[in-house]
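Take a look at the letters that make up each chain.
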Amino acid sequence: MRVLFINVWCGVGSHGKIAAEQADKFTREGHEVKIAYGRTSRVPDKYKHYAIRIGSSFDTHAHALMTRLTDKHGFYSQNATRKFLCWADEFDPDLLWLHNIHGYYINIELLFNWIKSRPSMKVFWTLHDCWSFTGHCAWAFCDKWRTHCDECQYIKEYPTSIHDNSYENFERKKDLFTGVKDMTLITPSQWLADLVKQSFMNEYPVEVRYNTIDMNIFKPTTSNFREKYNLVNKTIILGVASLWEERKGLGDFIKLNESLDHEKFVIVLVGIKPEQKKLLPQNIIAIARTNNQAELAEIYTAADVFFNPTYQDNFPTVNLEAEACGTPVITYDTGGSSETIRKPESIVVKPGDLEAVKNFLATNFPAKHEES
């Protein structure tokens, strides 16, 4: 069997790694596998034999620019998509597995017309957010998508635009994404599955398949992290994100920091960009990125508590990683985040409820660490 994955990334990022791991599984079973991707050429060496680039960086930048001007995200990259689909015709997949098809790299009209021209091809589509059934947003900020998007109030959210085309986008997506003969939708959380069933994509079967993590990597791991950052006597509150933005709750860490006893507590944030670091209080320890997942496991283990103040999320695996390393989690009850909690030591609180977070800290960490 020939299997073709399409995703914005290949082997990097959360869903890029998921697609690559799925590709490995099919390969072990004896199938021929390729991953078509659109963003950057940074593909890990172990996945390069799968990789088929859709378009170029120039195509991506042009698609992003036109999206910014017209709000027609997903309807550019025509030449790049036509060239890719010519290759795909020759590859002739028996199974097509879509992941994120937004991200400024592929034309969804050409793609779905091609899919519908191949009724014998099985299609899976793993949805990592809400973009497929809204007129603009990647997350369901309002309820208009349940009936018909129009006059979008969140046009500045990704994919950012200066023009509102949400009504037409909704119409075109509904026409394109419905009517595929043999397609199954997959969501990493029950929360997203429930939303899909209320959308125009409710004609398809929906399966919930929770994302998993590598338990051989994410486990209690000793290190000198505390000594390296002079934190032996501190209670570490950790936050991790691949991209810190407003919806990830960076502002809530700053608010929490204002009320902490800094002789006792310290906030450590992983994934902070250099320009963001300049805006953070000096007593927050900002780490740009880790060298590998093993190093990240060391930081999870060194922390006393992991705080995930996300306001929009599907199924954040960072919660799984922290718990696997023996660290309790505080997370907001948003999206599928509460579905990740497995340990009784962890808690779920209302979005923005920093008082509940402070109460948890005061109850569970009443004294400083004793030097060993």
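Quick caveat: nothing in here was measured; it's all calculated off a predicted structure. (Residues numbered from 1 in each chain as written. Predicted model: local features only at pLDDT ≥ 70, side-chain atom pairs only at ≥ 80, totals over all residues. Heavy atoms only, no water.)

Participant: In this structure, what is going on with the overall build of the protein chain? I would like to understand it.
Facilitator: From N to C terminus, the protein chain includes 12 helices and 13 strands. In terms of overall dimensions, the protein chain is globule-like: its C-alpha atoms have a radius of gyration of 22 Å, near the 21 Å expected for 372 residues. Seen along its three principal axes, the alpha-carbon backbone of the protein chain occupies a region of about 65 × 50 × 35 Å. The 372 residues of the protein chain split such that 53% are buried. The contacts in the protein chain between residues at least 6 apart in sequence include a share of 64% that link residues at least 24 apart. (Helix = DSSP H or I, 4+ residues; strand = E, 2+ residues; numbered from the N terminus. Rg over C-alpha atoms; globule rule 2.2 N^0.38 Å. Buried < 20%, exposed > 50% of the residue type's maximum accessible area, 1.4 Å probe, protein only. Contact = heavy atoms within 4.5 Å.)

Participant: Help me understand the pairing of strand β2 (residues 32-37), please; the structure alone is not making it clear to me.
Facilitator: On a regular strand, one side chain projects to one face of the sheet and the next to the other, so that they alternate. Sheet topology places strand β1 (residues 2-7) next to β2; 6 bridges connect them, and they run parallel. By the bridge assignment, Val3 is partnered in β2 with Val33. At this point the chain moves from β1, through helix α1 (residues 14-28), to the parallel β2, and the crossover so formed is right-handed. Here β2 pairs with strand β3 (residues 51-53) via 3 bridges, running parallel. By the bridge assignment for β3, Ala36 is matched with Ile52. (Pairing = 2+ DSSP bridges. Right-handed = clockwise from strand over helix to strand, strands pointing away.)

Participant: Would you mind going over the side chain of Thr70 with me for this structure?
Facilitator: Relative to the helices and strands, Thr70 resides in helix α2 (residues 57-70). According to the relative accessible area criterion, Thr70 is buried, its value standing at 17%. One polar contact links the side chain of Thr70 to the main-chain amide nitrogen of Lys72, over a distance of 3.3 Å. Reaching out from Thr70, the side chain makes a polar contact with the side chain of Tyr76 at a distance of 2.7 Å. (Polar contact = N/O pair within 3.5 Å; in protein donor to acceptor, adjacent residues only side chain to side chain.)

Participant: Please explain the sheet that holds strand β9 (residues 265-270) as it appears in this structure.
Facilitator: Strands pair in a sheet through their backbones, by hydrogen bonds, and they do so in one of two ways: parallel or antiparallel. Taken in spatial order, the 6 strands make up an open sheet running β10-β9-β8-β11-β12-β13, and their pairing is parallel. The open sheet has two edge strands, β10 (285-287) and β13 (347-349), and neither has a second partner. Adjacent strand axes in the sheet meet at a mean angle of 20° when their direction is disregarded. In this sheet, β13 lies alongside strand β12 (residues 329-332) in parallel orientation, the contact comprising 3 bridges. Bridging from a neighbouring strand, Ile330 pairs with Ile347 of β13. On top of the sheet, helix α8 (residues 250-258) reaches β8 (235-240), β9, β11 (305-308) and β12; it is set at about 165° to β9, its chief contact. (Axes fitted to C-alpha atoms, helices over the stretch in contact; angles between N-to-C directions.)

Participant: Help me out: how do you make sense of the sheet that holds strand β4 (residues 95-98) in this one?
Facilitator: Taken in spatial order, the 7 strands make up an open sheet running β3-β2-β1-β4-β5-β6-β7, and their pairing is parallel. With one partner strand each, in any of the chains shown, β3 and β7 (206-208) form the two edges of the open sheet. Across this sheet, the average inter-strand angle for adjacent strands is 20°, counted without regard to direction. Running over the sheet, helix α3 (residues 78-91) touches β1, β2 and β3 and is turned about 160° from β1. Helix α4 (residues 108-116) contacts β1, β4, β5 (122-126) and β6 (183-187) of the sheet and is inclined by roughly 150° relative to β4.

Participant: When you look at the pattern of salt bridges in this model, what are you seeing that I'm missing?
Facilitator: When the charged atoms of two side chains lie near each other, side chains of opposite charge can form a pair. This model, assessed by the stated rule, comprises 14 salt bridges. Note that Arg146 and Asp143 form a salt bridge whose closest N and O atoms lie 3.2 Å from each other. Among the charged side chains, a network of salt bridges with common partners joins Arg2, Asp89, Asp92 and Arg118. (Salt bridge = Lys/Arg side-chain N within 4 Å of Asp/Glu carboxyl O.)

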